[in-house]
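Fold and contact review
Each chain, letter by letter, is given below.
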Amino acid sequence: MNSHTPNTDSFDVDLDSFDELVLGESRKRPLLLDLWAAWCAPCLVIAPVLEKIVTERGGEIALARVEVDRGDNMKLAGRYHVRGFPTVILLRDGEELGRFSGARHRADIEEFIDSLL
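A brief look at the structure comes next. Just so it is clear, the model here is predicted, and its values are computed rather than measured.

Basis of the calculations
- Residues numbered from 1 in each chain as written.
- Predicted model: local features only at pLDDT ≥ 70, side-chain atom pairs only at ≥ 80, totals over all residues.
- Heavy atoms only, no water.
- Helix = DSSP H or I, 4+ residues; strand = E, 2+ residues; numbered from the N terminus.
- Rg over C-alpha atoms; globule rule 2.2 N^0.38 Å.
- Buried < 20%, exposed > 50% of the residue type's maximum accessible area, 1.4 Å probe, protein only.
- Contact = heavy atoms within 4.5 Å.
- Areas by Shrake-Rupley, 256 points an atom, 1.4 Å probe, with all protein chains shown as cover.
- Lys, Arg positive; Asp, Glu negative; His and termini not counted.
- Charge placed at Lys NZ, Arg CZ, Asp CG, Glu CD.
- Pairing = 2+ DSSP bridges.
- Axes fitted to C-alpha atoms, helices over the stretch in contact; angles between N-to-C directions.
- Disulfide = S-S within 2.5 Å.
- Phe/Tyr/Trp six-rings, centres within 6.5 Å; stacked < 30°, edge-to-face > 60°.
- Right-handed = clockwise from strand over helix to strand, strands pointing away.

1. Concerning the overall build of the protein chain
Looking only at helices and strands, the protein chain features four helices and five strands. Put simply, the protein chain runs from its N terminus to its C terminus through helices and strands in the order β-α-β-α-β-α-β-β-α. The C-alpha radius of gyration computed for the protein chain amounts to 13 Å, which stays within 12% of the reference 13 Å derived for 117 residues, consistent with globular compactness. Based on the C-alpha atoms only, the size of the protein chain along its principal axes is roughly 35 × 30 × 20 Å. Put simply, the protein chain has 117 residues, and 45% of those count as buried. Long-range contacts, defined here as pairs at least 24 residues apart, represent 66% of the contacts in the protein chain between residues at least 6 apart. Total accessible area on the protein chain stands at roughly 6100 Å², and carbon and sulfur atoms take up 50% of it. In the protein chain, 14 positive and 21 negative side-chain charges are present, and the distance between their average locations comes to 2 Å.

Shown next as C-alpha cells:
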C-alpha cells in the first residue's frame, strides 16, 4: 500500500489526490463522496451520521470527504455540478449512482444507499 492509498473506510481528500483516492477507491467498492463546507451547519450535522453508517457497514462502502473551501477544492464542486452543501454522491467504478443535498435522517441515508446498491 503506498502513502496515498486510503487505509480506512473514511478519509479526507483534496483536488490533488481526488482522482487517485476517490475514483480509485470507487473501483474497489462503492464510495460516498461528501462535499461540505465548515460554515455549513447541515454539513456538520450529517458528517457523524455518514461516518457511523460507513463504520457499521464494515468495509462494504467507503466515505471520502472534501472540504470545498480549502485550496482548489471548489473545482471539485464545479466538476460535479454541486448546487448546495452538503452534497453526498454515491460513486461506483468512478460513476455517479445517485446524490442528495442537505441534511437527512439516518434512515433516509441508509435507504438511499441500499436502493442504489
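2. What to know about the sheet that holds strand β5 (residues 95-101)
Judged by pairing direction, the sheet is mixed, and its five strands sit side by side in the order β1-β3-β2-β4-β5 without closing on themselves. Only two strands of the sheet have a single neighbouring strand rather than two, namely β1 (10-12) and β5. For this sheet, the mean inter-axis angle between neighbouring strands, taken without regard to orientation, is 20 degrees. Relative to strand β4 (residues 87-92), strand β2 (residues 31-36) is paired through five bridges, and the arrangement is antiparallel. Across the sheet, the residue bridging to Leu33 is Ile89, located in β4. Contacting β2, β4 and β5, helix α4 (residues 106-116) runs over the sheet at an angle of about 160 degrees to β5.

3. Comments concerning the pairing of β5
With six bridges connecting them, β4 and β5 associate as antiparallel partners. Each residue of the ladder has a partner; that of Leu90, found in β5, is Gly98.

4. Some remarks on the state of the cysteines
Such a bond, covalent and formed between the sulfur atoms of two cysteines, is termed a disulfide. All chains considered together, the criterion is met by one disulfide. Across the disulfide, Cys40 is cross-linked to Cys43 (sulfur-sulfur distance 2.4 Å). Where Cys40 bonds to Cys43 through sulfur, the torsion about that S-S bond is close to 85 degrees, and the disulfide is right-handed.

5. A look at the packing of aromatic side chains
Inspection of every chain in the model, using the stated rule, returns three aromatic pairs. Judged by centre distance (6.1 Å) and plane angle (90 degrees), the rings of Trp39 and Phe85 are edge-to-face. Of this pair, Trp39 sits in the loop between β2 and α2 (41-56) while Phe85 sits in the loop between α3 (74-79) and β4, placing them 46 residues apart in sequence. The class for Trp39 is exposed, based on a relative accessible area of 59%.

6. Some remarks on the pairing of strand β3 (residues 62-67)
Where burial is concerned, most of β3 is hidden: six out of the six residues are buried. Neither face of β3 is exposed, since Ala62, Ala64 and Val66 on one face and Leu63, Arg65 and Glu67 on the opposite face are all buried. Of the pairings in the sheet, the one linking β1 to β3 comprises three bridges and is parallel in character. Paired with Ser10 across the strands is Leu63, a residue of β3. As defined by bridge partners, β2 adjoins β3 across six bridges and the pair is classed as parallel. Considered in β3, the bridge of Trp36 is made with Glu67. Tracing the backbone out of β2, into α2 and back to the parallel element β3 gives a crossover that is right-handed.

Worth remembering: the numbers are spatial, not functional.
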